[in-house]
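# Structural features, examined
Each chain is listed here by its residues.
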Amino acid sequence: AGLGGEAVQIAAAIVAKNIGGGINFVAVCAVLGVSPSVVAAATCADSLLCLAYFPMLSTLADRLCGEGEPEVNGAKTQPGTAAAMPTAGPIGPQQVAAVLAIAFGTLAGARLLVPQGQGFLPAASLIAVALATLLPGQLAPLLPAADL
């Protein structure tokens, strides 16, 4: 009701955020021309709901699944992470340089794919998802450096 005629656009942006993160929210709002005040209100409302949702989800998971040290393929995992990722060793400068190169390459590729101001963020998201889908084994060792 308080969103006026932009409720459908905000709903689409929130769905996109839940699929691919905050960058998708911003990209969908930009492409659909949602006014800045409505984007700010929706971001605030979504953040407030997440303050209740994620602790509740964590509590339910602890009660239903129990706590312990999960293992993936025999490797101990980091406690408290949503995804069961194996514990990594120290992060070296090569991993950080590789992550930065991939990030800059993704942005440069998006700039080449689309004309100026015509969907740069969705193109960058598409490239990132494609890389993660096509090269999961090659990118997995870089995950700790990407989380810095």
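Structure's up top.
Okay, so let's go over this structure.

Rules of the game
Residues numbered from 1 in each chain as written. Predicted model: local features only at pLDDT ≥ 70, side-chain atom pairs only at ≥ 80, totals over all residues. Heavy atoms only, no water. Buried < 20%, exposed > 50% of the residue type's maximum accessible area, 1.4 Å probe, protein only. Helix = DSSP H or I, 4+ residues; strand = E, 2+ residues; numbered from the N terminus. Contact = heavy atoms within 4.5 Å. Polar contact = N/O pair within 3.5 Å; in protein donor to acceptor, adjacent residues only side chain to side chain. Phe/Tyr/Trp six-rings, centres within 6.5 Å; stacked < 30°, edge-to-face > 60°. Core = buried A, V, L, I, M, F, W, Y, C linked by side-chain atoms within 4.5 Å. Expected span 1.5 Å × (residues − 1). Salt bridge = Lys/Arg side-chain N within 4 Å of Asp/Glu carboxyl O. Axes fitted to C-alpha atoms, helices over the stretch in contact; angles between N-to-C directions. Left-handed = near helix turned anticlockwise from the far one by under 90°. Nonpolar A, V, L, I, M, F, W, Y, C, P; charged D, E, K, R; others polar. Parallel < 35°, antiparallel > 145°, perpendicular 65-115°, else oblique.

## Quick notes on helix 2 (residues 22–32)
- Taken residue by residue, helix 2 has Asn-24, Phe-25, Ala-27 and Cys-29 as its buried positions.
- Residues of helix 2 that are buried make contact with helix 1 (7–20), helix 3 (36–65) and helix 5 (120–134).
- The positive-phi residue at the C-terminal boundary of helix 2 is Gly-33, with phi of around 70°.

## Here's the deal with the side chain of Asp-46
- Assignment of secondary structure puts Asp-46 in helix 3.
- Side chain to side chain, Asp-46 and Lys-17 meet in a polar contact 3.0 Å long.

## A few points about the packing of aromatic side chains
- If you walk through the whole model with that rule in mind, you get one aromatic pair.
- Ring geometry for Tyr-53 against Phe-54: centres 5.1 Å apart, planes inclined by 75°, an arrangement best described as edge-to-face.
- We classify Tyr-53 as partly exposed; its relative accessible area is 41%.
- Among the residues examined, Phe-54 registers a relative accessible area of 47% and is labelled partly exposed.

## What about the nonpolar core?
- In terms of nonpolar packing, the biggest core is built from seven residues, these being Ile-10, Ala-13, Phe-25, Cys-29, Val-34, Val-38 and Ala-42.
- Contact partners of Ala-13, with chain neighbours within four places excluded, come to Phe-25, Val-28 and Cys-29.
- Listed in part, the six residues of the second largest apolar core include Val-114, Phe-120, Ala-123 and Ile-127.

## Observations concerning helix 1
- Its 14 residues place the ends of helix 1 20 Å apart at the C-alpha level, agreeing with the 20 Å of an ideal helix rising 1.5 Å per residue.
- Those residues of helix 1 that are buried lie in contact with helix 2 and helix 3.
- Backbone geometry just after helix 1 places Gly-21 at a positive phi near 100°.

## Thoughts on the pattern of salt bridges
- Taken as a whole, this structure holds one salt bridge when the rule is applied.
- The partner of Asp-46 in a salt bridge is Lys-17, with the nearest N and O atoms 3.0 Å apart. A residue pair is termed long-range when its members are at least 10 positions apart, and Asp-46 in helix 3 and Lys-17 in helix 1 qualify at 29 residues.
- Since its relative accessible area comes to 17%, Asp-46 is described here as buried.
- On the basis of relative accessibility, which here comes to 19%, the residue Lys-17 falls in the buried class.

## Thoughts on the packing of helix 2 against helix 5
- Interaxial distance between helix 2 and helix 5 falls to 8 Å at its minimum, and their mutual angle equals 145°. The interaxial crossing formed by helix 2 with helix 5 has left-handed handedness. For the pair helix 2 and helix 5, contact is made by Ile-23, Asn-24, Val-26, Ala-27 and Val-31 and by Leu-121, Pro-122 and Ser-125, respectively.
- Residue composition of the contact of helix 2 with helix 5, grouped by class: six nonpolar, two polar and no charged.

## Concerning the packing of helix 1 against helix 2
- Direction vectors running N to C along helix 1 and helix 2 enclose 150°, while the axes themselves pass 7 Å from each other. The angle between the axes of helix 1 and helix 2 places the two elements in the roughly antiparallel class. For helix 1 against helix 2, the interelement crossing comes out right-handed. Across the interface between the two elements, Gln-9, Ile-10, Ala-12, Ala-13, Ile-14, Ala-16, Lys-17 and Gly-20 from helix 1 touch Gly-22, Ile-23, Asn-24, Phe-25, Val-28, Cys-29 and Leu-32 from helix 2.
- Tallied by class, residues from the contact of helix 1 with helix 2 come to ten nonpolar, four polar and one charged.

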